[in-house]
Amino acid sequence: FRGVPSALVGVGYLWSGRPAAAAASLSEARLANAGGAFKEYAELTHAAHTALALVVGGDTARARPMAEGVISAASGRGSAVAPETAQAWLALALILQQEDQRAELERVLTSAEEAAAHAIDPFVDVFLHVIRARHLWLLGEVAGGARQVAQARGVLAEYPGLRYASRACTALAVWGELTIY
């Protein structure tokens with residue numbers, strides 16, 4: 001597990017809003033373990049985080065197949081909504097929201113929330129609330145969207161170092177104020 005330090009640095013970069021640096025560190029972690037004991041769980045987690053870093057950085061063309069691959073591999077192991085897939089589900093949800101595919105987004109959000117319920121990743125938790133809030137607002141469910149923003153802010157209060165997630169939550173709240181209210 002020589003790549004663990006690089007993987008942790010990559011997650012830190014992701015949480016602080018540096019997706020390109022995150023993807024580079026996560027790739028470095030993978031190379032450090034090439035041919036080694038990078039167990040299947042770790043491989044899925046690494047790929048899920050990389051997919052999320054790619055989509056946050058705007059590279060949806062590379063992120064989508066990677067996220068779908070993680071979910072498919074986890075499904076082959078018995079559960080597509082395992083904790084190690086939470087970041088992959090979030091990456092897909094972000095892509096679907098960008099593409100305005102609301103029906104598919106609902107299905108993916110449900111799976112993402114189920115996977116995240118067993119994962120310990122406040123970044124994913126905040127973004128799921130942010131995506132769900134925007135989705136609800138676009139469906140006309142103003143109160144439900146506001147509750148999701150409040151829940152995102154609750155997670156952020158517990159994890160004040162999530163600068164990028166905090167900015168995303170604030171941006172969504174401003175968008176909601178200008179668009180919905």
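Keep in mind that what you see is a predicted model, and the values were worked out from it rather than measured. Within any chain, residue numbers begin from 1 and follow the written order of that chain's sequence. It should be noted that, the model being predicted, local features are given only for residues of pLDDT at least 70 and side-chain atom pairs only at 80 or more, the latter also being counted only at that level, while totals for whole chains, interfaces and linings use all residues. By convention in this description, side-chain values take in all heavy atoms of the structure and omit both hydrogens and water.

1. Observations regarding the overall build of the chain
Of the regular secondary structure elements, the chain holds nine helices and zero strands. Going along the chain from the N terminus, every DSSP run of H or I of four or more residues is numbered as a helix, and every run of E of two or more is numbered as a strand. Reading the chain from its N terminus to its C terminus gives the helix and strand order α-α-α-α-α-α-α-α-α. On C-alpha atoms alone, the chain measures out to a radius of gyration of 16 Å, which is about the 16 Å that the 2.2 N^0.38 rule sets for 181 residues. Seen along its three principal axes, the alpha-carbon backbone of the chain occupies a region of about 55 × 30 × 30 Å. Relative accessibility thresholds used throughout: buried, under 20% of the residue-type maximum; exposed, over 50%; partly exposed, between the two (1.4 Å probe, protein chains only). Across the 181 residues in the chain, those meeting the buried criterion constitute 48%. Only the protein chains shown count as cover for residues, and the accessible areas themselves come from Shrake-Rupley with a 1.4 Å probe. For the chain, the exposed surface amounts to about 8600 Å²; the carbon and sulfur share of it is 56%. The charge count treats Lys and Arg as positive and Asp and Glu as negative. His and the chain ends do not count. The atoms used to mark charge sites are NZ of Lys, CZ of Arg, CG of Asp and CD of Glu. Measuring between centres, the 15 positive side-chain charges of the chain sit 5 Å from its 17 negative side-chain charges. Note that the radius of gyration is over C-alpha atoms, with the globule rule given as 2.2 Å times the number of residues to the power 0.38.

2. Some words on the pattern of salt bridges
Between Lys or Arg on one side and Asp or Glu on the other, a salt bridge is scored when a side-chain nitrogen of the former is within 4 Å of a carboxyl oxygen of the latter. Under the definition given, this model contains eight salt bridges. Arg64 is the salt-bridge partner of Glu99, the closest N and O atoms lying 2.9 Å from each other. Within this pair, whereas Glu99 is found in the loop between helix H5 (86-98) and helix H6 (102-116), its partner Arg64 is found in helix H4 (residues 60-77), the two being separated by 35 residues in sequence. Given the relative accessible area of 36%, Glu99 is considered partly exposed.

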